[in-house]
Amino acid sequence: MKCASCHDSFIDTWKLTTAYAPGRHHRADRQLEIYRCDKPTGRHASPRFVFPRAGTIDAAPAEAKRLEQFAGCDAPDNGRFTRTIANRIWQRLMGRGIVHPVDVMANRPWNEDLLDYLGVYLAIRSTTSRS
């Protein structure tokens, strides 16, 4: 994501506009101009989530309501967050992620069942530890 804040990503499919989209979500009261390497491009970001499966954003409500929309982008049934965390933990313990490189979750995992199991396990453990 850091690379895509200045130019299109070299390691993933993220574009410069993708990196600016969440920022536009938070600044819905005004336009957010896209910069490339500290130079204005003349284009403006549109509010949306980085991952289309997370849904859409309505930029019209007040900031508090927009933040609720943003907080709901990783609903428990989505699983992206828990799979990403499970992959990072696995990489720290084993030296290589189930998805490699660890920052490119769009890549296919070498064992999808294992990654899904660990993601569900983390989600269950996090909800039971709060009770």
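Structure report, in brief. As the structure is a computational prediction, the values presented were derived from the model and not from experiment. (Residues numbered from 1 in each chain as written. Predicted model: local features only at pLDDT ≥ 70, side-chain atom pairs only at ≥ 80, totals over all residues. Heavy atoms only, no water.)

### A word on the packing of aromatic side chains
Keep this limit in mind: Each pair of aromatic rings taken from Phe, Tyr and Trp, with Trp reduced to its six-membered ring, is defined by centres within 6.5 Å and is described as stacked if the planes are under 30 degrees apart, edge-to-face if over 60, and tilted in the remaining cases. Only DSSP runs of H or I reaching four residues or more are called helices, and only runs of E reaching two or more are called strands; each is numbered from the N terminus. Three labels apply to residues, based on accessible area from a 1.4 Å probe with only protein chains included: buried if under 20% of the type maximum, exposed if over 50%, partly exposed otherwise in between.
One pass over the full model with this rule turns up 2 aromatic pairs. Arranged with centres 6.3 Å apart and planes meeting at 20 degrees, the rings of Tyr117 and Tyr121 form a pair that is stacked. Placement of both Tyr117 and Tyr121 in helix α4 (residues 112-130) is noted, with a separation of 4 residues, approximately one turn of the helix. Judged by relative accessible area, which is 53%, Tyr117 ranks as exposed.

### Thoughts on the pairing of strand β2 (residues 39-44)
Condition: What makes two strands pair is DSSP finding at least two bridges between them.
In this structure, strand β1 (residues 33-36) lies alongside β2, joined through 3 bridges in antiparallel fashion. Paired with Arg36 across the strands is Lys39, a residue of β2. Here β1 hands over to β2 after 2 residues, with Cys37 in that stretch at a positive phi of 50 degrees.

### Remarks on the side chain of Thr82
Put simply, the rule reads: As used in this structure description, the phrase polar contact means that two N or O atoms lie within 3.5 Å; if the pair is within protein, one of them must be able to donate a hydrogen and the other to accept it, and residues adjacent in sequence are counted only when both atoms belong to side chains. The criterion used for residue contact is that any of the two residues' heavy atoms lie within 4.5 Å.
Looking at where Thr82 falls in the secondary structure, it is placed in helix α3 (residues 80-94). Here the side chain of Thr82 touches Gly119 through a polar contact of 3.4 Å, landing on its backbone oxygen. Excluding residues that lie within four positions of it along the chain, Thr82 makes contacts with Gly119, Leu122 and Ala123.

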